[in-house]
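# Structural features, examined
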Amino acid sequence: SLTVGKATSATALGVSPSSSTFGQAVTLTATVTSAGGTPTGTVTFFDGATNLGTGTLNASGVATLSKSNFTVGTHATLTAQYGGDGNFNASTSSAQSLTVGPAGSSTALNVSPSSASFGQTVTLTATVTSAAGTPTGTVTFFDGAVSLGTGTLNASGVATLSKSNFTVGSHATLTAQYAGDGTFSGSTSSAQSLTVGQATSSTTLGVSPSSSTFGQSVTLTATVTSAGGTPTGTVTFFDGATNLGTGTLNASGVATLSKSNFTVGTHATLTAQYGGDTNFAASTSPAQSLTVGKATSATALGVSP
């Protein structure tokens, strides 16, 4: 009688590369050897207790498995377990390690419109991409070193921020900074530019009363408006080319001037001229008319003696 037992086997595991980034393909290579010959069958690969998949030994006793979904962190207990066959016993490799870092990201910033007027809404759009997938998290928008606000990336990796309070002038260093998440590293966009000009204004003039008598007080009321907000500054009132005086706009954009020395006759070219400020352009009202009649008189006679 002869009793023949299975030959022992030895399994070795190779991890390539041993340091990778999220989404990068990592190849696990199991080599099963035996003094009795070349084993056959399958090898199962494990990350700790997690089954990663199975490979079939080729004619050289080698099985491979490629994976690109390892999570970020250290995987210190990667093993390959050979299941054995009719001639060779099972065996398990020693544990190998894999370090996975965050995948790189790229952030692009779009400014729309790139030329605006004061008070106009401007939308900043950040798009964060990565070859390893779609990043998540938040993007902070900056004007130079000044934080403008934060937006959250949607399912497409896009975050937006709308602002309507940019100051007049050139904003040449607008950037979007992606903070990163557990899987993707942070990144900053290249600087983009925004030019903000003065908002247009509109001035109207009211004359009250529009018909008066010599010496009667007449009030000129200028109202300055703009789609960009409430203008500030001063308004100068004119009778043709004659400067009548100046009024300061209140919080509602209104300035007034009262005069009681208009000459008798028709004053058909009364205007209000707004001088503008940092944020709002100057404007002049349409001409308004004032008719001044003679004042009434009363005559009394005294006889002495």
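Just above sits the structure.
Computed from a predicted model, the values in this text were never measured in an experiment.

Let us look at the pairing of strand β27 (residues 288-293). In regular strands, side chains alternate between the two faces of the sheet. Pairing between strand β20 (residues 211-213) and β27: three bridges, direction parallel. Across the sheet, Thr 213 pairs through a bridge with Gly 293, a residue of β27. Two strands pair when backbone bridges link them, and strand β25 (residues 265-274) and β27 are joined in this way by four bridges, in the antiparallel orientation. Along β27, the bridge assignment pairs Leu 270 with Gln 288.

Following the sequence through the fold, Thr 230 ends up in the loop between β21 (218-225) and β22 (234-239). For the pair formed by Thr 230 and Ala 159, sequence separation is 71 residues and the distance between their alpha carbons is 31 Å. Dropping the residues within four chain positions of it, Thr 230 is found in contact with Ala 251, Ser 252, Gly 253 and Phe 280.

The geometry of an aromatic ring pair is captured by two quantities: the separation of the ring centres and the angle between the planes. Inspection of every chain in the model, using the stated rule, returns two aromatic pairs. Summarising the aromatic geometry, the rings of Phe 22 and Phe 184 are spaced 5.7 Å apart at their centres and angled 75° between planes, so their arrangement reads as edge-to-face. Here Phe 184 lies in the loop between β16 (169-178) and β17 (187-188) and Phe 22 lies in the loop between β2 (19-21) and β3 (26-33), a separation of 162 residues in the sequence. For the pair Phe 118 and Phe 280, a centre-to-centre distance of 5.4 Å together with 80° between the ring planes defines the contact as edge-to-face. You can see Phe 118 sitting in the loop between β11 (115-117) and β12 (122-129) and its partner Phe 280 sitting in the loop between β25 and β26 (283-284), a full 162 residues away along the chain. Just as Phe 118 is buried, Phe 280 falls in that class too.

Attention shifts here to the sheet that holds β21. One open sheet holds the three strands; their spatial order is β19-β21-β24, and the pairing between them is antiparallel. Edge positions in the open sheet fall to β19 (202-208) and β24 (254-259), since each of these has one partner strand only. Pairwise comparison of adjacent strand axes, ignoring direction, gives a mean angle of 15° for this sheet. In this sheet, β21 lies alongside β19 in antiparallel orientation, the contact comprising seven bridges.

Now for the sheet that holds β12. With antiparallel pairing, the three strands of this open sheet are ordered in space as β10-β12-β15. The open sheet terminates on both sides in strands that have one partner only, identified here as β10 (106-112) and β15 (158-163). Taking each pair of neighbouring strands and ignoring which way they run, the sheet shows an average axis angle of 15°.

Reading the values: the criteria
Residues numbered from 1 in each chain as written. Predicted model: local features only at pLDDT ≥ 70, side-chain atom pairs only at ≥ 80, totals over all residues. Heavy atoms only, no water. Pairing = 2+ DSSP bridges. Helix = DSSP H or I, 4+ residues; strand = E, 2+ residues; numbered from the N terminus. Contact = heavy atoms within 4.5 Å. Phe/Tyr/Trp six-rings, centres within 6.5 Å; stacked < 30°, edge-to-face > 60°. Buried < 20%, exposed > 50% of the residue type's maximum accessible area, 1.4 Å probe, protein only. Axes fitted to C-alpha atoms, helices over the stretch in contact; angles between N-to-C directions.

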